[in-house]
Amino acid sequence: MSERKKNLFNAAFVLIVFALTIYSVFAGKDLGDIAETITEAEPVYLLLGMGCVVLFIWGESKILHYMFGTLGIRTRRRTCFMYSCVGFFFSCITPSAGGGQPAQILYMRKNMIPVPVATVVLMIVTITYKLVLVAVGCFLVLFCRGTMDRYMWEVLPVFYLGLGLNVVCCTAMLILVFHTSLARNIVMKLLDLLGGFRVFRRLAAKKERLTLTMDHYGDTAAYLKQHKRVLVNVLLLTFMQRIALFFVTFFVYRSFGLHGTAMWRIVLLQASISVSVDMLPLPGGMGISEHLFLTIFDPIFYGDFLLPGMVLSRGIAYYVQLFFSAAVTAGAHFMFKRRGSRTKCT
């Protein structure tokens, strides 16, 4: 019942945030004019944008297949693609994308992949995923001050907040991986302190659970010591994967026949939105992503193309990703359900 209530809460939360986003973005706007402008977009560019979404999902499946191979675990490429879709679907519908990896571990376990192995692989995927965002954010700060001052001036507090949260998250994960004993001591002392104020109930159970989690980080460190080049290779693959999704906005821009802004600038500005919203407790950055787009890209999608551009860019990058991964996840669910019923019959 608790799991069912959690799922119902997540679904209700997503629907409420979606409704508020739609209202805040489209209130007082002429929906007919927006729809008419959208129909003027060149379909070829929109298809290229959708291809970027599929490439983005495939990129993670490539990483999973590669890492399982380094561990001597044979997996099919299409199975890894299914794992990726499951992860992105649950990430899209849960706050801070917190539901993606637990769902992936569940499906990996159904395919007889040990939980510790799956945890190590997905932990490295998470670390590299965040590191790429931090690298992009730092590149903007160090080398693109002119672009930031021109297009991002109004949203710089949100950007710096997002970048700071990602830096803290990456630093914490790297400490947990490479200085496990130090991290363990810090966390245990913090738990003892909070336990003294009776913040936590069942303190012993909390400590036991955290100890198991720390062990997984220790396993990750051991894996990286044995496969030193893996982190570099995964970082390169993750960078290409993330850039593929940022290209969606550029293809939407070109679909309207717009010119004047360099491709690299549009890609970096879209990346800045991802840096800003990645750590915020909203499913898929819903709500804040739309408003950041309307602020940052106002000088670029000139005329009446700003709102239609946001609808297409966000619709392709988030909602196409959501529904595509949902379809694959549903297929995987029924496949495993059928497999389970056959096992019971035999």
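Residues numbered from 1 in each chain as written. Predicted model: local features only at pLDDT ≥ 70, side-chain atom pairs only at ≥ 80, totals over all residues. Heavy atoms only, no water.

Definition in use: UniProt positions are given in the numbering used here, feature names are shortened, and annotations may be inferred rather than shown by experiment.
The chain is annotated in an unreviewed UniProt entry as Phosphatidylglycerol lysyltransferase from [Clostridium] asparagiforme DSM 15981. Of the comments in the UniProt record for the chain, the one headed Subcellular location (unreviewed entry) reads "Cell membrane". UniProt annotates the chain under Sequence similarities (unreviewed entry) with the comment "Belongs to the LPG synthase family."

1. Structural notes on the pattern of salt bridges
Inclusion rule: Any Lys or Arg side-chain nitrogen found within 4 Å of a carboxyl oxygen on Asp or Glu counts as a salt bridge. By definition, any uninterrupted DSSP run of H or I lasting at least four residues is a helix, any uninterrupted run of E lasting at least two residues is a strand, and each is numbered from the N terminus. When accessible area is computed with a 1.4 Å probe and restricted to protein chains, residues below 20% of their type maximum are described as buried, those above 50% as exposed, and intermediate ones as partly exposed.
What the rule picks out here adds up to 3 salt bridges. In this structure, the salt-bridge partner of D278 is K130, at a minimum N-O distance of 2.4 Å. Placement of the pair is D278 in the loop between α12 (263-277) and α13 (288-296) and K130 in helix α6 (residues 115-143), with a sequence separation of 148 residues. According to the relative accessible area criterion, D278 is buried, its value standing at 17%. Here R145 and D149 are joined by a salt bridge, their closest N and O atoms 3.6 Å apart. Here R145 pairs with D149, and both are found in helix α7 (residues 145-151), just 4 residues apart, close to one helical turn.

2. Structural notes on the UniProt feature "transmembrane region" (unreviewed entry) in the chain
In this numbering, the UniProt entry assigns the feature "transmembrane region" (unreviewed entry) to residues 43-59, 80-97, 117-143, 155-176, 230-256, 262-280 and 316-336. Between the first and last C-alpha atoms of residues 117-143 the distance is 39 Å; the span itself is 100% helix and 0% strand. As annotated, residues 316-336 comprises 100% helix and 0% strand, and the C-alpha atoms at either end are separated by 29 Å.

3. Comments concerning the packing of aromatic side chains
Defined as follows: Here is the rule: rings of Phe, Tyr and Trp (six-membered ring for Trp) pair when centre to centre is within 6.5 Å. Planes less than 30 degrees apart are stacked, more than 60 are edge-to-face, and the remainder are tilted. The criterion for a charge sitting over a ring is simple: Lys NZ or Arg CZ within 6 Å of the ring centre, and within 35 degrees of the ring normal.
Applying the stated criterion across every chain, the model contains 14 aromatic pairs. Each ring, one from F139 and one from F143, has its centre 5.3 Å from the other, and the planes form 45 degrees; the classification is tilted. Within this pair, F139 and its partner F143 are both found in helix α6, separated by 4 residues, close to a single helical turn. Here F139 falls in the partly exposed class, since its relative accessible area comes to 38%. Using a relative accessible area of 60% as the deciding quantity, one classes F143 as exposed. Seen from their ring centres, F256 and F305 are 5.0 Å apart, and the 40 degrees between their planes marks the pair as tilted. Of the two residues, F256 is situated in the loop between α11 (228-255) and α12 and F305 in the loop between α13 and α14 (306-345); the sequence distance between them amounts to 49 residues. Like F256, the residue F305 is buried in the burial classification. Ring-pair connections join several aromatic residues into one group, and the members of that group are Y253, F293, F297 and F301. In this structure, K110 is placed above the aromatic ring of Y107, and the distance from its NZ or CZ to the ring centre is 4.8 Å. Sitting over the face of the ring of Y129, R242 holds its NZ or CZ atom 3.8 Å from the ring centroid.

4. Digging into helix α3 (residues 43-70)
Put simply, the rule is: The span you would expect from a helix comes to 1.5 Å times its residue count less one.
When the terminal C-alpha atoms of α3 are compared, their 41 Å separation across 28 residues agrees well with the 40 Å that a helix rising 1.5 Å per residue should span. Backbone geometry just downstream of α3 places G72 in the positive-phi region, at approximately 75 degrees.

5. Topic: a nonpolar patch on the surface
Cut-off, in case you're wondering: Like-charged residues are merged into a patch within 9 Å and nonpolar side chains (Val, Leu, Ile, Met, Phe, Trp, Tyr) within 5 Å, provided each residue has over 30% relative accessible area and no salt bridge. Methods summary: accessible areas were calculated by the Shrake-Rupley approach with a probe of 1.4 Å, and residue burial reflects only the protein chains presented.
On the surface, V232, L236, F239 and M240 cluster together to form a nonpolar patch covering roughly 410 Å² of accessible area. With respect to the helices and strands, L236 occurs in helix α11.

6. Section: unusual backbone geometry
Of note in this structure, M112 is not a glycine but carries a positive phi near 70 degrees. Following the sequence through the fold, M112 ends up in the loop between α5 (100-110) and α6. Here M112 falls in the exposed class, since its relative accessible area comes to 72%.

7. Notes on the packing of helix α4 (residues 77-93) against α5
Applicable threshold: Angular values range over 0 to 180 degrees, each being the angle between N-to-C directions of two axes fitted as lines to C-alpha atoms, with helices fitted over their stretch in contact. Left-handed describes a crossing in which the near helix is turned anticlockwise from the far one by less than a right angle; the clockwise case is right-handed. When checking whether two residues touch, look at their non-hydrogen atoms; a contact exists if any pair is within 4.5 Å.
Packing of α4 against α5 brings their axes to within 7 Å, and their N-to-C directions diverge by 150 degrees. Viewed along their axes, α4 and α5 form a crossing whose handedness is right-handed. On α5, the residues touching M82, Y83, S84, V86, G87, F90 and S91 of α4 are G100, A103, Q104, Y107 and M108.

8. Examining the side chain of S325
So the rule is basically this: Under the rule applied, a polar contact is a pair of N or O atoms within 3.5 Å (in protein, one hydrogen donor and one hydrogen acceptor; residues adjacent in sequence only if both atoms are side-chain atoms).
For S325, the location among the structural elements is in helix α14. A distance of 3.0 Å separates a polar side-chain atom of S325 from the backbone oxygen of L322. Here S325 is in contact with C85, F88 and F89, once residues within four sequence places are set aside.

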